[in-house]
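Single-letter residue listing:
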Amino acid sequence: MSLNAHPELPEFDYIRPASLMDASRFLAQHAGEARPMLGGTDIFVRMRDGMWHDQYLVDVKNLDGTDKLHFDPQAGLILGAGVNMNRVMVSPEVQTRYPLLADACRSVASYQLRTRATIVGNICNASPAGDTIGACLVLGGVLDVHGVNGYREIPLAGFFLGPGKTILQPGDIVTAIRFPLPPQGNTGVYLKLGRNTWSDLSIVGVTVYGYPDASAASGYRFRIALASVAPVPLIPRDAEAYLSQNPIGRETIRAAANLAAESCSPIDDVRGSAKYRKAMVKNLTRKGLEKVWESVNRKA
Ligand SMILES: Cc1cc2nc3c(=O)[nH]c(=O)nc-3n(C[C@H](O)[C@H](O)[C@H](O)COP(=O)(O)OP(=O)(O)OC[C@H]3O[C@@H](n4cnc5c(N)ncnc54)[C@H](O)[C@@H]3O)c2cc1C
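Peer 1: I keep staring at the packing of helix α9 (residues 237–245) against helix α10 (residues 250–263) and nothing clicks. Help me out?
Peer 2: Any two packed helices are characterised by the angle at which their axes cross and by the distance between the axes. Interaxial distance between α9 and α10 falls to 7 Å at its minimum, and their mutual angle equals 165°. With respect to α10, the element α9 is oriented roughly antiparallel. At the point where α9 passes α10, the crossing takes the right-handed sense. Seen from α9, the contacting residues are D238, A239, Y242 and L243; seen from α10, they are T252, A255, A256, L259 and A260. The residue makeup of the contact of α9 with α10, split by class, is 7 nonpolar, 1 polar and 1 charged.

Peer 1: Help me understand empty space enclosed by the protein in this model?
Peer 2: In this approach the atoms are scanned with a rolling probe the size of a water molecule, which exposes any empty space left behind. This model, assessed by the stated rule, comprises 1 cavity of 30 Å³ or more. If you add up the space inside the largest cavity, you get close to 70 Å³. The wall of the largest cavity is formed by P128, G130, D131, I133, G134, Y190, G205, T207, A225, L226, A227 and P233. Contributing elements (two or more residues each) for the lining of the largest cavity: α8 (133–138), β12 (204–212) and β13 (220–227). Counting residues per element, the lining of the largest cavity draws most heavily on β13, which supplies 3 residues. Counted by class, the lining of the largest cavity contains 7 nonpolar, 4 polar and 1 charged residues. Taken domain by domain, the makeup of the lining of the largest cavity includes at least three residues from each of domain 2 (69–179) and domain 3 (187–299).

Procedures and definitions
Residues numbered from 1 in each chain as written. Predicted model: local features only at pLDDT ≥ 70, side-chain atom pairs only at ≥ 80, totals over all residues. Heavy atoms only, no water. Axes fitted to C-alpha atoms, helices over the stretch in contact; angles between N-to-C directions. Helix = DSSP H or I, 4+ residues; strand = E, 2+ residues; numbered from the N terminus. Parallel < 35°, antiparallel > 145°, perpendicular 65-115°, else oblique. Left-handed = near helix turned anticlockwise from the far one by under 90°. Contact = heavy atoms within 4.5 Å. Nonpolar A, V, L, I, M, F, W, Y, C, P; charged D, E, K, R; others polar. 1 Å grid on protein atoms, 1.4 Å probe; cavity = no way out; pocket = protein on both sides within 12 Å on 5 of 7 lines; lining within 4 Å. Points joined across faces, edges and corners; volume = space filled by probe spheres on them. Domains from an automatic or database assignment.

All we've got here are geometric facts, nothing functional implied.
Following this line, the structure appears as structure tokens:
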């Protein structure tokens, strides 16, 4: 096998539609040869490396309000698809009410990359390693999607089908992700294990979010999302259920971390072995749960 050490970006047509409807129609008419583009940080790498061969890149960044970040005290946060990660991190509403989102963005590569990269692009790329996806899952994110028949909503938890695969159809454009108001007393952490501290995809990523909840037998609800350990970003439902049903303490946390590790189906790759990944899921989930539990208790 010969490797091209100096690959080049192939030629393509840059399309800037006037409206979302124009964009959806164009994408549907050119299914298989056109794709929506936000920051382009995944797209250009894949095209340069010869993995993607699209003729048309359809820029959807500034169409019909897709660049807006807005917090509503009744409805929660709406994050337009075109909002880059640095904008998310400096938003006062995100910092005070959804700090987990800012932490997840901070874990992505570098300041320079984050001036282009978006959370919605990270989601639509559908990599199991996407660093911001866990936060969006545990915060209950819902996608606004515009297609040839208009708008519809898709809860993020049902969005992923496999590596690089989602339930989106030709012509579909994610225009925003919305988050409900965060519950009282919540805390979240994102623990990312990479090969270096900066600018690497995760070997394992663990997001933990918790808050008091009188409707749970334990009095608390925990949400967990795991990155890089399954074909899709993974929610270990058994571990979450165990934490809602048993009195929270060291042993319950340890048992939940074991359940989280059991739910994974990681692979061996250049970043780590499957065995190592499972062991790290157990360690990081336990650590994340202990941190969140301590903080939730302190706030109570
Ligand atoms: C040097 C480097 C370092 C990186 N480090 C990290 C890292 O640490 N962690 C991490 O998670 N990622 C990392 N990435 C990957 C990448 O930056 C992220 O996935 C980024 O969030 C993608 O966002 P974007 O706006 O650039 O998406 P784009 O590249 O524009 O699009 C990504 C995918 O989503 C589709 N898409 C885009 N917009 C829409 C839409 N509105 N509706 C439907 N589909 C859409 C595109 O067609 C494409 O398939 C890195 C990339 C590079 C080049």
